[in-house]
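Letter by letter, the chains look like this.
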Amino acid sequence: MYPLLSSLFLVLFLLRSSSSISPPSLPLSTNSRWIVDSGGRRVKLACVNWAAHLEPAAAEGLNKQPVDCIASKIADSGFNCVRLTWAVYMVTNDSFESITLRESLERIGLNEVVAEVKINNPDLLDLTLIQVFQEVVAALARNNLMIILDNQLSKPGWCCSKHDGNGFFGDIYFDTDEWLRGLKTMAIMFNNTPNVVGMSLRNELRGPKQNFTLWYRYMQEGAEAVHSTNPNLLVILSGLDYDKDLTFLSLKQVNLSFSSKLVFEQHWYGFSDGGDWENQNPNKVCNSVLQYNILPKGGFLLKQGYPLFFSEFGFDQSGTHTSDNRYLSCFLSLAAELDLDWALWALQGSYYLRQGERNYDESYGLLGFDWGGVRNPSFVKRISALQTPFQGPGLSNEMAYHLIFHPLSGLCVLSDFSSKLVKLGSCFDSKAWNYTYDNKLIIKETDYCLQAVGMGKNVKISTDCDKSNSNWNLLSDSKMHVSTKLSKSGKNLCLDVGNDGSLVTNECKCLNFNATCSPEIQWFKIILSNREIEGIDLNLELPYVEKGWFERIISVVKKALSL
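Remember, it's a predicted structure, so these values are computed and weren't measured experimentally.

The next thing to look at is the sheet that holds strand β21 (residues 481–485). Read across the open sheet, the 4 strands follow the order β20-β21-β22-β23; overall the sheet is antiparallel. Lying at the two open borders of the sheet, with one neighbouring strand each, are β20 (473–475) and β23 (503–506). Shown here is a sheet whose adjacent strand axes are inclined to one another by a mean of 45°, direction ignored. Judged from the 3 bridges that link them, β21 and strand β22 (residues 492–497) form a sheet pairing that is antiparallel.

Our focus in this paragraph is the packing of helix α11 (residues 282–304) against helix α12 (residues 322–337). At a minimum axis separation of 10 Å, α11 and α12 run at an interaxial angle of 55°. Here α12 runs oblique to α11, going by the angle between their axes. For the crossing formed where α11 meets α12, the hand is right-handed. Across from P282, C286, L290, I294 and L295 in α11, the residues of α12 making contact are R326, C330 and L334.

Glancing now at the pairing of strand β11 (residues 350–354). When you tally the buried positions in β11, you get 5 out of 5 residues, the bulk of the element. Pairing of β11 with strand β12 (residues 357–361) involves 4 bridges; the strand directions are antiparallel. Within the sheet, the bridge partner assigned to L353 lies in β12 and is R358. A loop of 2 residues connects β11 with β12, the two strands running antiparallel in sequence, and Q355 in this loop sits at a positive phi of about 50°.

With that out of the way, let us pick up the nonpolar core. Grouped together as the largest cluster of nonpolar side chains are 120 residues, with contacts concentrated most on W50, W215 and W268. Not counting the four nearest positions on each side in its chain, W215 is found in contact with F168, F169, L205, Q220, L237, S238, G239, L240, F248, L249, V254 and F264.

Our focus in this paragraph is the packing of helix α2 (residues 67–76) against helix α7 (residues 129–142). Remark: α2 packs on α7, axes separated minimally by 9 Å, with the N-to-C direction vectors making an angle of 45°. Judged by the angle between their axes, α2 and α7 are oblique. α7 is crossed by α2, and the crossing has right-handed handedness. Residues V67, D68, A71 and I74 of α2 form the contact with α7, whose own contacting residues are V136, A139, L140 and R142.

Our focus in this paragraph is the state of the cysteines. As enumerated under the stated definition, the model contains 7 disulfides in all. The partner cysteine of C286 in its disulfide is C330, sulfur to sulfur 2.1 Å. The sign of the 85° torsion about the S-S bond sets the C286-C330 disulfide as right-handed. Within this pair, whereas C286 is found in helix α11, its partner C330 is found in helix α12, the two being separated by 44 residues in sequence. For C286, a relative accessible area of 2% puts it in the buried group. Between C494 and C508 runs a disulfide, and the two sulfur atoms are separated by 2.0 Å. A torsion of 95° about the S-S bond marks the disulfide between C494 and C508 as right-handed.

Geometrically, the link from C159 to C160 is a cis peptide bond, its omega value of 20° lying close to zero. Among the structural elements, C160 can be located in the loop between β5 (146–153) and α8 (176–189). Residue A346 follows W345 across a cis peptide bond; omega there is 10°. With respect to the helices, strands and loops of the structure, A346 is situated in the loop between β10 (341–344) and β11. Notably, A57 is not glycine yet its phi reads approximately 60°, a positive angle. One can find A57 in the loop between β3 (46–50) and α2.

Averaged over all residues, the pLDDT of the protein equals 91, while 91% of them reach at least 70. Ignoring residues within four places in sequence, the model shows residues 535–554, a span with pLDDT below 50, making 38 contacts including any to other chains.

The subject of this paragraph is α8. Over its 14 residues, α8 extends 20 Å from the first C-alpha to the last, a length consistent with the 20 Å expected when each residue adds 1.5 Å. By the burial criterion, the buried members of α8 are T176, E178, W179, L180, G182, L183, M186 and A187. The secondary structure elements touched by the buried residues of α8 are β4 (81–87), α3 (89–92), α7, β5, β6 (196–200) and α9 (212–229).

Here we take up the pattern of salt bridges. Within the structure shown, the criterion is met by 18 salt bridges. The partner of E312 in a salt bridge is R83, with the nearest N and O atoms 3.0 Å apart. Linking E312 in strand β9 (residues 308–313) with R83 in strand β4, this pair joins segments that are 229 residues apart in sequence. Here the two residues E312 and R83 agree in accessibility, since each one is buried. Put simply, R358 and E112 hold a salt bridge, and the shortest N to O gap is 3.4 Å. One end of the pair, R358, is in strand β12; the other, E112, is in helix α6 (residues 111–120), with 246 residues separating them in the sequence. Residue classification places R358 among the partly exposed positions, given a relative accessible area of 43%. Of the residues examined, E112 reaches a relative accessible area of 34% and is grouped as partly exposed.

Definitions and limits used
Residues numbered from 1 in each chain as written. Predicted model: local features only at pLDDT ≥ 70, side-chain atom pairs only at ≥ 80, totals over all residues. Heavy atoms only, no water. Pairing = 2+ DSSP bridges. Helix = DSSP H or I, 4+ residues; strand = E, 2+ residues; numbered from the N terminus. Axes fitted to C-alpha atoms, helices over the stretch in contact; angles between N-to-C directions. Parallel < 35°, antiparallel > 145°, perpendicular 65-115°, else oblique. Left-handed = near helix turned anticlockwise from the far one by under 90°. Contact = heavy atoms within 4.5 Å. Buried < 20%, exposed > 50% of the residue type's maximum accessible area, 1.4 Å probe, protein only. Core = buried A, V, L, I, M, F, W, Y, C linked by side-chain atoms within 4.5 Å. Disulfide = S-S within 2.5 Å. pLDDT = per-residue confidence, 0-100. Expected span 1.5 Å × (residues − 1). Salt bridge = Lys/Arg side-chain N within 4 Å of Asp/Glu carboxyl O.

As structure tokens, then:
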């Protein structure tokens, strides 16, 4: 993770995170590929996963912080939703549904956790597991967060492996009748809780028994069971092979009695790509993974007119994992281009007990080990632009236009008419660009275009748009190098980021197959938007930002990228 953020972006993030986000008008439904509120306006799911399905069958972290404090941290970080996991046994098995949180922790030897919960959430300790779950939902709702109930597995424990008995219909711990009963119970339980907006029927179907016939049979039964008992809910269906494969739906869609409530989900982690992020050129890997895996195995559903929810993506939040850093920039470019609904794995900074290890530190966790704050503040700022929609019905009456998104920083390309210079800044402040058929980047409804000046020099906006240095082509396998050719020398240069956050042109990096080269600082994604372009009202006193802060950040980035 590279904290490439301008001072203005930091200011805007602080302003957004300190103010409440107006909740959508519920319930939600679907309109073609979009999720919309009751008024037909696009609602973008920007979620984080909170695990409550492991051995104790309770939401993680109740020993670390008060539940309302955790919920508040989620909202303050800009997320509008939580994908809250649960295990079927919590509501169907006597050994779980009738015991208290204290008893659940004590029977697996977590007496020290009991003492910690008594400090941070004393009112929850002697409630039943179901009641604790309901209190967590209530805390999230009090903070204007939407909740998606995600059935991770049947028998509580860590998910997932092919042979854990929880993988597919008919496995030893996956009784289909019990599963259907559990879905109905949860749907009924939250029938009068408007903030519970959807239910994922089952997480990451997998294992040697998986097959299309049973998938269609039971997923359709599960969908009907949920909708019949709680018709307000979005019904979210996962695919096969750890929810990486929905290809079969390109040949045959589900047949349901209801409409405008169906959403599909897909998962993508960098470790699923077979080590390619570390061993191959990131331009090649990003293109090949998207074109031969992610899009044909799930992305096609958007074209069919169904919402596609990337309900799990995640990375090592220490920022020291090269493969994850590269993968994340590629994911964010896709999320911006398709304006995806998504859920980060994971919220939890630690687990009570994971695979036999107590107090397990979750390096993918949004929150730190003590749950007292975010683990990687630069990532929260970076993801901020993707927490609100770029596209969709009801956002505005604007005709579609382009934004130029920089995945490494989470910022967009801004222009200044007075200085004619171009820099990175908050996507909320970007003017509307048009990327034309003849490869020019023109500010909408003006005569100004983006123009290169020379090697290492600042890019500018100009009205002299007929020269070759005003033509911009998308190079490399990733199609994220934005390149132009100088009029005099004929040399190809690519958009790059200067030390002060301004845009410059430099020699294009990492176009060959060098696996050690990291091109992310030169990656730009031209995306569509139709939201209002007036920007955020800054008629407020702004916090002080230390002089030279951004320059120091850029130097750290360039050192990390070995530029």
